[in-house]
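# Tertiary structure, described
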Amino acid sequence: MEERKDKVIIESEEIDTIIFSGEKVWRHTKEEQEAIREKMVREAFLYHVDSCGEYRDYVGRKIDNLSVDLSSIALSDIPLIPTSAYKKNTLLSVGEPDVAKWCLSSGTNGMRSRVPRDKTSLDRLIGSLDAGSELINHYYEHEVEVLNLGPDKYEAGDIWFSYVMSLIETLYPTTCFINEGTFLIDDALAELELLEQESSHVMISSPPFLVMELIKSLKSKGRKFNFGHRLTIITAGGWKKRSGEAVPRDTLVSLCRDYLGIEGDDQFRDVFNQVELNTVIFECSEGNKHLPPWVAAFARSPVDLQALPEGEEGLMSFLDASANSYPCFYVGDDLGIVEHKDCACGVSSKTISIKRRVQTRDTRGCATSIMTEAT
Amino acid sequence: MEIDLQLEEFDVQCSIEGCSYIANEGQVERNNSIPRTIKVWKLSSDKVLDTGKPVVISSGFGRSMDQMGSLAANLAANGVPVYRYDSLDHAGMSDGNMVDFTLSTGLASLEAVIDWVAQRHGGSDVGLVSTSLTARIAYRLVSTSTSIAFLVTAVGVVHIRKTLLSVMGEDYSSYREEELPATVDFERQPIGTIGFYTDFFKNNWLNKEETIEELRTINVPISAFIANGDEWIDRSEIEEVIDPSAHSNRTVFIMEDCEHNFGKNLRSAEYFLISVTDIVCGYTLPDRDEERIQVGFEQILNQSIKERRIQRSYTKKSRAKERAHRNSIEEICES
Ligand SMILES: [Zn+2]
């Protein structure tokens, strides 16, 4: 028989203590952030080399002799997986029964990335949403009403971007306005009519093109709302298939001022995520995307993938220690900049800014050749 | 594997004296003979047998019953019929608003639900899982009730005066009645002070000594979960009150690196969930030889969204009613 204990200790993993610490995520000093990043990302690297056969083989090809001391590798030298490899390969670090969700990219052409997430990874992703939303404000659940202009969890299915947006319903009271693929614009406007009379803070969570549709509809109806400080618009996912209609951010913000009555630019926030990344990266009031300490990011030379000095534009790569079920060390198709900022919002951290997608054949070719190596 | 979970809703009537407002000048006294309605949810699965011993989960202060959804789902999946409820004068779907809440109303609500569940399941042997401020209520009820078979508390308050001082930043219990502000904020929700604080004195809720006294008379097993970084409760006081080394049927579980809102750390919440599932199943299904079933992430998420939507549609209806009421008053005033 098991011995009765009068005291039992339930331990928490160090990374979870950090991820789930809410606004404290943003209070670490620069040195503390670097120490956390070094430790967490390197531990994650060693774990995935150990747990994911495909990644171990790949690392073996990139680093000639696996017996070299991998535990002292510089973070910028950790072998990166091109995002295209998530389309062809199953990169899995846990047993298949532990996969809670196969997450699909919303790619418009060709094969889609399939990323396996277990409960631990998904919990941590929600933790990143919680910590990131602290950059907007600290709201209690009863103070906020969310209008999700994208699909709810059930309509989103396995499409990652919609799924992530739909998770907001687990944090705040939310109404969704997509039904069987159709945007219920009149219902959204009716809800805004009601909420304009209430006192709660309103959040519109949406891809930018649906914010634009909302504005167009208000324009055609000659209706303007006046939410003042009571509204925050959170966009994610970019324009995707609607890139032909894309308007610059400043124009969209200015339209939101005119038609929804927001007062400051800080009431318009964009968030960054992609199916391969297990952390959602939020913008602060100054428009900077702050990187939490469990993620490392480097801009890289498109020619040889060497990490570039901070502030230089290059291919964006991420090393995310929060992913448990797959190695999240990848280089994608976005060009951007990584730099440390002592930001006026009060947070001092590494920030990322995404400039544009890679279009030229040469840079694509670079990623493709790595993919070939990985397969 | 998807488990077939069934959610049923019941109305339980409560007309116990504790539900009254305190009679004060300028305040309305409630007529206790009119019963008030407590909304109760039962969650079960096809694993639940008619003879299965039930468990009641009471949520923390200011939280509605959907918030303990993942624990409810895991217990139901393992064969335990699970009941949750919203207290009267509280957040959620039962009668009354939070501004009128008192601990004695909370106690009356819990007692009504425990009695109703015990009756449905042929007498005693109801398990109780209670969180935060509701745990303080639970200690009192368990010290007198004969229907409760075991108690699990999470971040349970044992010394209300001290906890409220930490939460509010002010010890309003030291104020004279006429000095009290009309309302104080808890997580930016207004709580009426007169009833709340008068009830503390009238019914002796404030001090740790009273909790210790009540714990002295409790014989059923107690498992108390403590967050070691709890900013509202002194960990050593819980250990002192529970005193596990002097009671062979009491255990404290210390959750490392957790704050009072321990559910915020979803990984720690998972370990809590597994531990409580094992404890509850150990008491309610002692002959079970199957391995513990754990409901998957996606199903928990779906169930949680479903429950949140029920709560939300209730809130929306109440708001629409309030709005209609406001508008009709405005119309009368204008005419
Ligand atoms: Zn900032």
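Cut-offs and rules
Residues numbered from 1 in each chain as written. Chains lettered and ligands numbered in written order. Predicted model: local features only at pLDDT ≥ 70, side-chain atom pairs only at ≥ 80, totals over all residues. Heavy atoms only, no water. Helix = DSSP H or I, 4+ residues; strand = E, 2+ residues; numbered from the N terminus. Buried < 20%, exposed > 50% of the residue type's maximum accessible area, 1.4 Å probe, protein only. Contact = heavy atoms within 4.5 Å. Areas by Shrake-Rupley, 256 points an atom, 1.4 Å probe, with all protein chains shown as cover. Lys, Arg positive; Asp, Glu negative; His and termini not counted. Charge placed at Lys NZ, Arg CZ, Asp CG, Glu CD. 1 Å grid on protein atoms, 1.4 Å probe; cavity = no way out; pocket = protein on both sides within 12 Å on 5 of 7 lines; lining within 4 Å. Points joined across faces, edges and corners; volume = space filled by probe spheres on them. Nonpolar A, V, L, I, M, F, W, Y, C, P; charged D, E, K, R; others polar. Donors = N, O, S within 2.8 Å, 3.2 Å for Na, K, Ca; no water. Tetrahedral: all angles 85-135°; square planar, octahedral: opposite > 155°, others 65-115°. Buried area = accessible area lost by both parts, 1.4 Å probe. Salt bridge = Lys/Arg side-chain N within 4 Å of Asp/Glu carboxyl O. Polar contact = N/O pair within 3.5 Å; in protein donor to acceptor, adjacent residues only side chain to side chain. Domains from an automatic or database assignment. Axes fitted to C-alpha atoms, helices over the stretch in contact; angles between N-to-C directions. Parallel < 35°, antiparallel > 145°, perpendicular 65-115°, else oblique. Pairing = 2+ DSSP bridges.

A count of helical and extended segments in chain A gives eleven helices and 17 strands. Overall, chain A is about 70 × 65 × 40 Å in size when its C-alpha atoms are taken along their principal axes. Sorting the 375 residues of chain A into buried and exposed places 58% on the buried side. Sequence separation of 24 or more characterises 70% of the internal contacts of chain A that already satisfy a separation of 6 or more. Total accessible area on chain A stands at roughly 15800 Å², and carbon and sulfur atoms take up 48% of it. Each charge class in chain A was averaged separately, 42 positive and 61 negative side chains, and the resulting centres sit 4 Å apart.

As a further point, take empty space enclosed by the protein. Residues and elements named next belong to chain B. This model, assessed by the stated rule, comprises three cavities of 30 Å³ or more. In this structure, the largest cavity encloses a volume near 120 Å³. Looking at the largest cavity, it is lined by 14 residues, and the ones nearest its centre are Ser 59, Tyr 85, Ser 87, His 90 and Thr 134. Partitioning the lining of the largest cavity into residue classes produces five nonpolar, seven polar and two charged.

Residues and elements named next belong to chain A. On the protein side, the zinc ion has Cys 284 (SG), His 290 (NE2), Cys 343 (SG) and Cys 345 (SG) as donor atoms, found 2.1 to 2.2 Å from it. One can describe the site at the zinc ion as tetrahedral: its four donor atoms subtend angles covering 104 to 119 degrees at the metal. On the accessibility criterion, Cys 284 (2% relative accessible area) is buried. For Cys 343, a relative accessible area of 10% gives the class buried.

In many reports, interface size means the accessible area that the parts give up when they come together. The partner chain B presents 40 residues to the 46 residues of chain A that form the contact. Taking both sides of the interface into account, the surface hidden between chain A and chain B amounts to around 4000 Å²; carbon and sulfur atoms contribute 48%. In terms of surface lost to chain B, no three residues of chain A exceed Ile 10, Phe 20 and Glu 169 of chain A, which account for 16% of the buried area on that side. Where chain A touches chain B, the interface holds 14 salt bridges. Across the pair Glu 141 of chain A and Arg 308 of chain B runs a salt bridge, and its minimum N-O distance is 3.0 Å. For the interface between chain A and chain B, the tally reads 32 residue pairs in polar contact (both at pLDDT 80 or more). Counting residues per element, the ones that place at least two in the side of chain A that touches chain B are strand 1 (7-10), helix 1 (14-19), strand 3 (99-104), helix 5 (119-133), helix 6 (153-156), strand 6 (174-176) and helix 8 (185-197) of chain A.

This part takes up the domain arrangement of chain A. Residues and elements named next belong to chain A. The domain architecture assigned to chain A consists of domain 1 (12-90 + 284-372) and domain 2 (136-272). The distance between the C-alpha centroids of domain 1 and domain 2 comes to 30 Å. Across the contact, seven residues belong to domain 1 and five residues belong to domain 2. Summing the contributions of domain 1 and of domain 2, the shared interface buries around 490 Å²; its carbon and sulfur component is 65%. A per-residue breakdown of the area domain 1 buries against domain 2 is headed by Cys 284, Ser 285 and Lys 289, which together make up 62% of the total. Here domain 1 is connected to domain 2 by one salt bridge. In this structure, Lys 289 and Asp 270 form a salt bridge, with 3.4 Å as the shortest nitrogen-oxygen distance. Linking domain 1 to domain 2 there are one residue pair in polar contact (both at pLDDT 80 or more). Classifying every residue of the side of domain 1 that touches domain 2 gives four nonpolar, one polar and two charged.

On to the packing of helix 2 (residues 30-51) of chain A against helix 3 (residues 53-62) of chain A. Residue and element names in this part refer to chain A. Close contact between helix 2 and helix 3 brings their axes to 6 Å; oriented N to C, the two are set at 105 degrees. Considering the angle they form, helix 2 stands roughly perpendicular to helix 3. Counted together, Phe 45, His 48, Val 49, Asp 50 and Ser 51 of helix 2 and Gly 53, Tyr 55, Arg 56 and Val 59 of helix 3 form the full contact between these two elements.

Our focus in this paragraph is the sheet that holds strand 1 (residues 5-14) of chain B. Strand order in the open sheet formed by nine strands is 1(A)-10(B)-9(B)-6(B)-5(B)-3(B)-4(B)-2(B)-1(B), with mixed pairing between adjacent strands. With partners counted over all chains shown, the strands left at the sheet margins are strand 1 of chain A together with strand 1 of chain B, one partner each. In this sheet, adjacent strand axes meet at a mean angle of 20 degrees when their direction is disregarded. Note: strand 1 of chain A against strand 10 (residues 250-255) of chain B, four bridges, orientation parallel. Within the sheet, the bridge partner assigned to Ile 10 of chain A lies in strand 10 of chain B and is Met 255 of chain B. Sheet strands in contact with helix 3 (residues 132-144) of chain B are strand 3 (55-58), strand 4 (82-85), strand 5 (126-131), strand 6 (148-154) and strand 9 (222-227) of chain B, and its direction is about 145 degrees off that of strand 5 of chain B.

All names here are of chain B. Burial along strand 4 is two-sided: Val 82 and Arg 84 facing one way and Tyr 83 and Tyr 85 facing the other are all buried. Bridge count for strand 2 (residues 36-45) against strand 4 is four bridges, and the pairing is antiparallel. Each bridged residue has a counterpart across the sheet, and for Lys 42 the counterpart in strand 4 is Tyr 83. Sheet topology note: the strand 3/strand 4 ladder contains four bridges and is parallel. Each residue of the ladder has a partner; that of Ile 57, found in strand 4, is Arg 84.

To continue, consider unusual backbone geometry. All names here are of chain B. With a phi close to 40 degrees, Val 155 is a non-glycine residue in the positive phi region. For Val 155, the position within the fold is in the loop between strand 6 and helix 4 (160-168). The residue Glu 187 is not glycine, and still its phi comes out positive at about 45 degrees. Residue position: Glu 187 is located in the loop between strand 7 (183-186) and strand 8 (189-192).

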